[in-house]
Amino acid sequence: MDDFLADNRAHWEELAALHPGTDFYDVESFLAGESTLLPLEREELGDVVGEGTRILHLQCHFGLDTLSWAREGAVVTGVDFSGTAIGTARDLAAATGLDDRARFVECDVYDLPATLDEAGAFDVVFTSYGVLNWLPDVERWAEVVAGFLAPGGTFYVAEIHPFAHVLMDLELEAGRPVPDWSYFGGGARTYEEDGTYAAPAATLDSTTTHEWAHGLGEIVTALLDSGLDVEFLREHPFACFEQFPGMEVDDEGRWWLPEGTNHPPLTFSLLARSPE
Ligand SMILES: C[S@@+](CC[C@H](N)C(=O)[O-])C[C@H]1O[C@@H](n2cnc3c(N)ncnc32)[C@H](O)[C@@H]1O
């Protein structure tokens, strides 16, 4: 498992160096004052976040969403295992004058309880888009989430739908579906990946990654087992990036398959609360 983690970290170190310069992340607009949060999470979580709300953002990449929550008044802690990402996040916090309400911790998600001595101290734990597939163990992840929430606190995730992973690289053999991705998990899948979702033409040195599938049932059950009450689980027909060729983006940043498609679920969002 340590080797898997080392490969993934090396891959993300490289992506963290590349991504701030991409149009996809558009750091210039963020510096000019724009939020990188999508309407989905702003609408579904926005009411919970106000002046002084303590947010823990897991797998925050280089901090744009974390700092966007800080702009809404929250006091934020971003966590990521890439030192490069965390360094850039700290620079952006300083550049935007948000460093009095934003801090960033370089840490593996599973090591966080041993690193950040703030169990039960957060009003909100937030995570989004492209996070769960990097985690081998959803039950341990759910325990980390629950452990950092204050009584009555809110957990929110907006994420690529596990069924959308199945649809990517789906082959048919004699009419039968032969997915490359196993919806029901089944251990690590190792890939050689060049380019990234934000820089498809990039040539990488660290191309080996290991990812894990987690179905919706596994995710919800892990959160319930951790003691959280799930308030809603919603499935959405749009994606947060151009997941399939020919998708079109609307003015809310939602990517759609062509009109007339019987839309499959591409995104899910879930809100859960810690008991009072
Ligand atoms: C797809 S990105 C999240 C993207 C984020 N929604 C954004 O657009 O900024 C996934 C992040 O998870 C981080 N990551 C992956 N595995 C991790 C782990 N075990 N512990 C902490 N961070 C991890 C990576 O470094 C990367 O920044």
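Just above, that's the structure.
Report follows, based on the coordinates.

Conventions used here
Residues numbered from 1 in each chain as written. Predicted model: local features only at pLDDT ≥ 70, side-chain atom pairs only at ≥ 80, totals over all residues. Heavy atoms only, no water. Pairing = 2+ DSSP bridges. Helix = DSSP H or I, 4+ residues; strand = E, 2+ residues; numbered from the N terminus. Axes fitted to C-alpha atoms, helices over the stretch in contact; angles between N-to-C directions. Contact = heavy atoms within 4.5 Å. Near = heavy atom within 4 Å. Polar contact = N/O pair within 3.5 Å; in protein donor to acceptor, adjacent residues only side chain to side chain. Areas by Shrake-Rupley, 256 points an atom, 1.4 Å probe, with all protein chains shown as cover. Patch = residues over 30% accessible without salt bridge, like charges linked within 9 Å, V, L, I, M, F, W, Y side chains within 5 Å. Salt bridge = Lys/Arg side-chain N within 4 Å of Asp/Glu carboxyl O. Lys, Arg positive; Asp, Glu negative; His and termini not counted. Charge placed at Lys NZ, Arg CZ, Asp CG, Glu CD. Buried < 20%, exposed > 50% of the residue type's maximum accessible area, 1.4 Å probe, protein only. 1 Å grid on protein atoms, 1.4 Å probe; cavity = no way out; pocket = protein on both sides within 12 Å on 5 of 7 lines; lining within 4 Å. Points joined across faces, edges and corners; volume = space filled by probe spheres on them.

**Digging into the sheet that holds strand E2 (residues 75–80)**
Sheet strands pair by backbone hydrogen bonding; their relative direction is either parallel or antiparallel.
And step 1. In space, the 7 strands of this open sheet follow the order E3-E2-E1-E4-E5-E13-E10, with mixed pairing throughout. Either end of the sheet is taken by a strand with one partner, and the two such strands are strand E3 (102–106) and strand E10 (229–236). Strand-to-strand twist in this sheet, taken as the mean axis angle between neighbours without regard to direction, amounts to 15 degrees.
And step 2. Seen against the sheet, helix H5 (residues 83–95) touches E2 and E3 and runs at an angle of roughly 170 degrees to E3.
And step 3. Across the face of the sheet, helix H9 (residues 216–225) comes into contact with strand E5 (149–160), E10 and strand E13 (267–273) while running at roughly 160 degrees to E10.

**Quick word on the site of the ligand**
And step 1. Every one of the 15 residues lining the ligand counts as a neighbour, but Tyr25, His61, Asp80, Asp108 and Ser128 are closest to it.
And step 2. Separating an oxygen atom of the ligand from a side-chain N or O atom of Tyr25 is a distance of 2.9 Å.
And step 3. Interatomic distance of 2.9 Å between a side-chain N/O atom of Asp108 and a nitrogen atom of the ligand.
And step 4. Protein chains bury 94% of the 600 Å² of accessible surface belonging to the ligand in isolation.

**Digging into a negative patch on the surface**
And step 1. On the surface, Asp2, Asp3, Asp7 and Glu192 cluster together to form a negatively charged patch.
And step 2. Top contributing element to the negative patch by residue count: helix H1 (residues 2–18), with 3 residues.
And step 3. Relative to the helices and strands, Asp7 resides in helix H1.
And step 4. Owing to a relative accessible area of 30%, Asp7 belongs among the partly exposed residues under this scheme.

**Examining unusual backbone geometry**
And step 1. Look at Asp169: it is not a glycine, yet its phi comes out positive at around 55 degrees.
And step 2. For Asp169, the location among the structural elements is in the loop between helix H8 (162–167) and strand E6 (171–173).
And step 3. For Ala174, which is not glycine, the phi dihedral falls at a positive 50 degrees.
And step 4. Considering the arrangement of structural elements, one finds Ala174 in the loop between E6 and strand E7 (176–178).
And step 5. In this structure Ala174 comes out as exposed when scored by relative accessible area, which is 80%.

**So, empty space enclosed by the protein**
Gaps left between atoms show up when a probe the size of a water molecule is rolled over them.
And step 1. Taken as a whole, this structure holds 2 cavities of 30 Å³ or more when the rule is applied.
And step 2. Looking at the largest cavity, its volume works out to about 70 Å³.
And step 3. Every residue lining the largest cavity is listed: Leu132, Asn133, Glu159, Ile160, Pro162, His165, Trp181, Trp212, Ala213, His214, Ile219 and Phe268.
And step 4. When contributions to the lining of the largest cavity are tallied by element, the ones reaching two or more residues are E5 and H8.
And step 5. Volume-wise, the second largest cavity comes out at about 50 Å³.
And step 6. Considering the residues around the second largest cavity, the lining is formed by Leu38, Pro39, Leu40, Tyr129, Phe238, Ala239, Cys240, Glu252, Gly253, Arg254 and Thr267.

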